[in-house]
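Chain by chain, the residues run as shown.
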Amino acid sequence: MAEAFNIFNTFMNTFDKKGKKVDAFYLLNNGDVDRFHFPLPPVLERAIRSKLDSRKYGYSRPQGNDGICKKIAQYEKTISNSPISQSNIALTSGVTSGLEMILDLLKKEGTLLLPTPSYPLGEALAERHNIPTIKFQTKEENNYLLTASELETQIDDTVRLLLLTNPNNPTGIAYSKTELDKIKDICQRKEIYLIIDEIFSGLMLNGNSHHIPSYNINSEKVIRLNGWSKDRGVAGFRIGYIVAPDSIIRNLSETISLTMGNAPTVFNNFISKDMLLRRLLLEEGNIPETVLLEYNEYKAQITSNLRKYERNKQLITSYLSEVDRITYLSNTMGGYCMFIKFDAVSNTESFLRDLYKNTGVLLVPGSGFNCTEPGWARLSFSVDPIRLEKGLEAMSSYL
Ligand SMILES: Cc1ncc(COP(=O)(O)O)c(C=O)c1O
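This is a predicted model, so every value here is computed, not measured.

Caption draft 1: Looking closely at the sheet that holds strand E9 (residues 326–329). Pairing within the open sheet is antiparallel, and its four strands lie in the order E9-E10-E13-E12. The sheet terminates laterally at E9 and strand E12 (364–365), the two strands that pair on one side only. The sheet contacts of helix H12 (residues 385–398) involve E9, strand E10 (337–342) and strand E13 (376–380), and relative to E13 the element is tilted by about 155 degrees.

Caption draft 2: Inspection of helix H8 (residues 246–258) at higher detail. Taking 1.5 Å per residue as the helical rise, H8 with its 13 residues ought to reach 18 Å, and the 19 Å between its terminal C-alpha atoms agrees with that figure. Looking at H8, one finds that the buried residues are Ile248, Ile249, Leu252, Ser253, Thr255 and Ile256. Where H8 is buried, its residues touch strand E2 (89–92), helix H4 (94–106), strand E6 (193–197), strand E7 (222–227) and strand E8 (240–243).

Caption draft 3: Main features of the sheet that holds strand E4 (residues 133–137). One open sheet accounts for seven strands, arranged E2-E8-E7-E6-E5-E3-E4; its pairing is mixed. Two strands lie at the open edges of the sheet, namely E2 and E4, each paired on one side alone. Put simply, the sheet's adjacent strands are angled 20 degrees from each other on average, direction ignored. One ladder, built from five bridges, connects strand E5 (residues 159–165) with E6; its direction is parallel. Paired with leucine 161 across the strands is tyrosine 193, a residue of E6. Most of the contacts of H8 go to E2, to which it runs at about 30 degrees, and overall it touches E2, E6, E7 and E8.

Caption draft 4: Summary view of the state of the cysteines. Overall, the coordinates contain zero disulfides when judged by the stated rule. Lacking any disulfide linkage, cysteine 371 is separated from the closest cysteine sulfur, that of cysteine 337, by 14 Å. With relative accessibility at 9%, the residue cysteine 371 sits in the buried group.

Caption draft 5: Spotlight on the environment of alanine 263. Take alanine 263: it is sitting in the loop between H8 and helix H9 (268–282). A sequence separation of 204 residues divides alanine 263 from tyrosine 59, and the C-alpha atoms of the two residues are 8.2 Å apart. Apart from residues lying up to four places away in sequence, alanine 263 is in contact with Ser60, Pro62, Gly64 and Leu91.

Caption draft 6: How the structure looks around the nonpolar core. Core analysis: the largest hydrophobic core is formed by 76 residues, its most contacted members being Phe342, Leu363, Leu379 and Met395. Per-element tally for this core: the top contributor is H4, with six residues. Two domains each put at least three residues into this core: domain 1 (3–39 + 302–398) and domain 2 (42–282). Dropping the residues within four chain positions of it, leucine 363 is found in contact with Phe11, Leu28, Asn29, Ile340, Phe342, Leu352, Leu355, Ala377, Arg378, Leu379 and Met395.

Caption draft 7: Quick look at the domain arrangement of the protein chain. The domain boundaries assigned to the protein chain delineate domain 1 (3–39 + 302–398) and domain 2 (42–282). In this structure, domain 1 and domain 2 have C-alpha centres spaced 26 Å apart. Taken together, the contact pairs 31 residues of domain 1 with 34 residues of domain 2. Together domain 1 and domain 2 conceal approximately 2,800 Å² of surface at their shared face, both sides included; 59% is due to carbon and sulfur atoms. Among the residues domain 1 hides against domain 2, the three largest losses belong to Phe5, Met333 and Asn370. Together they make up 24% of the total. If you look at where domain 1 meets domain 2, you find zero salt bridges. Applying the counting criterion to the domain 1 and domain 2 interface returns 17 residue pairs in polar contact (both at pLDDT 80 or more).

Calculation notes
- Residues numbered from 1 in each chain as written.
- Predicted model: local features only at pLDDT ≥ 70, side-chain atom pairs only at ≥ 80, totals over all residues.
- Heavy atoms only, no water.
- Pairing = 2+ DSSP bridges.
- Helix = DSSP H or I, 4+ residues; strand = E, 2+ residues; numbered from the N terminus.
- Contact = heavy atoms within 4.5 Å.
- Axes fitted to C-alpha atoms, helices over the stretch in contact; angles between N-to-C directions.
- Expected span 1.5 Å × (residues − 1).
- Buried < 20%, exposed > 50% of the residue type's maximum accessible area, 1.4 Å probe, protein only.
- Disulfide = S-S within 2.5 Å.
- Core = buried A, V, L, I, M, F, W, Y, C linked by side-chain atoms within 4.5 Å.
- Domains from an automatic or database assignment.
- Buried area = accessible area lost by both parts, 1.4 Å probe.
- Salt bridge = Lys/Arg side-chain N within 4 Å of Asp/Glu carboxyl O.
- Polar contact = N/O pair within 3.5 Å; in protein donor to acceptor, adjacent residues only side chain to side chain.

Now the structure itself:
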């Protein structure tokens, strides 16, 4: 399997807890959300229970029931200004299976271009489907994002697929609208499928916005993927969705019925309620009386969770910007990951193992995101701030 994905997975485990010099562990490695600290809005918990109580757990259309796809389409239409309808939506088992099916479907198209550092799933799936891959190391002056001019000038003619993660993981940096539009235009001109993993887009911090390129859903080669694992912190539900041209969705339906069977229906009420309320959040001031109480409850919890992420980010910045050995902290715009650079490190993995052994703080090495330069690591801050602060204290004094 792709090396970066192996390294990533190794550092996802809390290896060798015994025999360490420390008695407390600060697991800032993980992509999961501390559910006690960032609770689900109660209205969504009730939606899950109501589905269980209904005792209706039958099969669905392979790409998800009509009503669910319609709710997702209404939300996507609102945020993208593109005439997205339910025929452009397919439910998947998380973004993971969505990306797997898309790459399987498009594997004959040509080479996949992967800007790095980025989440290693795309590379590993491409390897699994024998898709040739070009990794492109992005630059600090561009905030570790691919620029349109790099795409134009550096990419060879074999490239037919481009995978962006927006906001990115591990850096948390998001693309501007202008750059995304330029990238999309180049992709259309060069007949490249632009695939965008937007799993962190529901967690934009400090007033930053998530942008979608302007595009025509059925005539342009843009495929977007999203899910509930991060912003609602329910990775174990294994739910996500694809927004794509209807021709792609038709092809995918066959794959879905042959592989996943159907999208899980047990979370239908959860998805439906979340999508409705998510859309209403954008239409503030125009809330139907029938959902006003639920809306207020939902909004209060979502907002409170976002403020907590912002405070955690601020906590990290104030601790680690004082540490001489840390020379770069990414300015996370969306999500809960920060990419940091330690000075004078030649073997990042052994440095991080020592850090863990001596402080209990576990981070993920940059090599897990295909970062070729030593000294880089990802820190996740979807944790209780008290534990985060203790971890930061332990790390600062060790360094
Ligand atoms: C960028 C990115 N995409 C996709 C995933 C996996 O998403 P899902 O749980 O929906 O399969 C992750 C998980 O960490 C991720 O960071």
